[in-house]
Amino acid sequence: MKYRNLGKSGLRLSELSFGSWVTFNHQVDTRLAERMFAICFDAGINFFDNAEAYEAGESEIVMGKALRKLNKPRDSYCVSSKVMFGRIPNFGALPTQKGLSRKHVTEACHQAMERLQVDYLDLYFCHRPDPRTPIEETVWAMHNLITQGKVLYWGTSEWSAEQIKEAYDFARENHLSAPSMEQPQYNMLDRKRFEEEYQSLYKDYGLGTTIWSPLASGVLTGKYLEGVPQGSRATLKGYEWLQKRVMESERGKIRLNIVKKLNELADELGISMTKLALAWCLLNKNVSTVILGASKIEQLEENLASAEVLTLLTEETQEKIQSILNSADTEAGDPAEDGVE
Ligand code: NDP
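Residues numbered from 1 in each chain as written. Predicted model: local features only at pLDDT ≥ 70, side-chain atom pairs only at ≥ 80, totals over all residues. Heavy atoms only, no water.

Draft legend 1. Local environment of the site of the ligand. Within the structure, the ligand sits among 33 residues, and Asp49, Ser213, Lys223, Arg233 and Ser295 are positioned closest to it. A distance of 3.0 Å separates a nitrogen atom of the ligand from a polar atom in the side chain of glutamine 183. Here arginine 233 contributes a side-chain N or O atom positioned 2.8 Å from an oxygen atom of the ligand. Its free accessible area being 910 Å², the ligand has 97% of it covered by the protein chains. Most atoms of the ligand, that is more than half of them, are within 2 Å of grid points of the largest pocket. For the shell around the ligand, the elements supplying multiple residues, two or more each, are β10 (289-292) and α11 (297-304). Considering each element in turn, the shell around the ligand owes the most residues, 3 residues, to α11. (Near = heavy atom within 4 Å. Polar contact = N/O pair within 3.5 Å; in protein donor to acceptor, adjacent residues only side chain to side chain. Areas by Shrake-Rupley, 256 points an atom, 1.4 Å probe, with all protein chains shown as cover. 1 Å grid on protein atoms, 1.4 Å probe; cavity = no way out; pocket = protein on both sides within 12 Å on 5 of 7 lines; lining within 4 Å. Sits in = over half its atoms within 2 Å of the grid points. Helix = DSSP H or I, 4+ residues; strand = E, 2+ residues; numbered from the N terminus.)

Draft legend 2. Seen up close, the pairing of strand β3 (residues 16-19). Side chains Leu16 and Phe18 project from β3 onto one buried face, and the interleaved Ser17 and Gly19 project onto a second face that is buried too. For β3 and β10, the ladder comprises 3 bridges, and the chain directions are parallel. The residue of β10 that forms the bridge with leucine 16 is valine 290. Examined bridge by bridge, β3 and strand β4 (residues 47-49) share 2 bridges and lie parallel to one another. Among the inter-strand pairings, phenylalanine 18 is bridged to a residue of β4, identified as phenylalanine 48. Tracing the backbone out of β3, into helix α1 (residues 30-43) and back to the parallel element β4 gives a crossover that is right-handed. (Buried < 20%, exposed > 50% of the residue type's maximum accessible area, 1.4 Å probe, protein only. Pairing = 2+ DSSP bridges. Right-handed = clockwise from strand over helix to strand, strands pointing away.)

Draft legend 3. View of the sheet that holds β10. Overall, parallel pairing links the 8 strands, which are arranged β3-β4-β5-β6-β7-β8-β9-β10 in a closed barrel. Relative to strand β8 (residues 181-182), strand β7 (residues 151-156) is paired through 2 bridges, and the arrangement is parallel. Bridging across to β8, threonine 156 finds its partner in glutamate 182.

Draft legend 4. Main features of the pattern of salt bridges. Counting across every chain of the model gives 14 salt bridges. Two residues, glutamate 15 and arginine 4, come together in a salt bridge whose shortest N-O distance is 3.4 Å. Residue glutamate 15 is located in the loop between β2 (12-14) and β3, and its partner arginine 4 is located in strand β1 (residues 3-5); the two are separated by 11 residues in the primary sequence. Take glutamate 15 and arginine 4: they sit in the same class, and that class is buried. (Salt bridge = Lys/Arg side-chain N within 4 Å of Asp/Glu carboxyl O.)

Draft legend 5. Structural context of the pairing of strand β5 (residues 78-83). With 6 of its 6 residues buried, β5 lies for the most part within the structure. Of the two faces of β5, the one carrying Cys78, Ser80 and Lys82 and the one carrying Val79, Ser81 and Val83 are both buried. Where β4 and β5 come together, 2 bridges link them in parallel fashion. Opposite phenylalanine 48, over in β5, you have valine 79 as the bridge partner. Once the chain exits β4 it traverses helix α2 (residues 58-70) before rejoining the sheet at β5, and the crossover so formed is right-handed. Pairing of β5 with strand β6 (residues 121-126) involves 4 bridges; the strand directions are parallel. Bridging across to β6, serine 81 finds its partner in tyrosine 124.

This is the structure we're talking about:
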């Protein structure tokens, strides 16, 4: 495993990390989570991602129990949580139980620490912007949690470059802790925000990134090319939006056509589409860590082996990939707009 700094911070994260969205408490129970974490630790992973909204807090409970069982030294790994949507599905939380007010940011931190069975969160994200709370209030709340030792690094997820700059500049002007990282979607099919909008933030602000859905929810494994496989994410209750996005929408068809071409290239290289897609994310030096998702041990093992194919991604191959990706507009947007985080 290789390690990268989280932006300009001194924190060294494994370039591959592991997250729990959809899977934990749904496809993955505590026993399986424990086995998966053991594999992750053996592979050198040191960052595990979570959020208050995942399975209404149950995902953090599963993660907390599994980590406690493994009993690894607390200073050998990092855990995160994210605040904003609240713990009640479909944004049904009471007004004080969601958003980025000082009250909810603080209480959600305490609750996440309890569920994860830790004394502090290494990384704490604002899961989306909150149009109802001034950014200054959220920056102060995060700063206070940092000075209290409850959070080590704070950041954002899917904020616009302008919002991140506002938070950063306010923090700097007032000698407060500035955001260290952003958690954006980034994969072969969803590149615009990461590659274009955020460009100046990497250089001017030293922003770190923990990227999500590197396989576009499994689409970039190529497994949806022949239809929706039984038991895959697109068949899960609550994830009907994925089936629509993948198979039915016009954009979904365009995306699958690109995956088909990439799949042929992967065949030529003699590697799986999955490894090609994950290794491609690692090529980008503005990525601090690629958060993997997996519902099965075999998937996790395959994904952990993706860095091995990096040497095959020569300049010539990278150019071929680029021309396939540039041949159509594949951007699908943010699943949170469909009521899913
Ligand atoms: P991916 O895009 O990598 O999708 C993971 C899913 O794809 C798996 O659960 C599995 O689904 C399928 N899959 C993975 N590997 C394989 C394989 N080798 N072969 C076949 N199928 C495979 O990542 P996620 O969407 O899960 O996102 C990763 C993490 O990012 C999350 O756990 C979360 O921590 C974070 N995240 C953050 C968000 C944010 O708003 N900040 C939003 C979303 C995620 P299945 O078997 O069910 O088909």
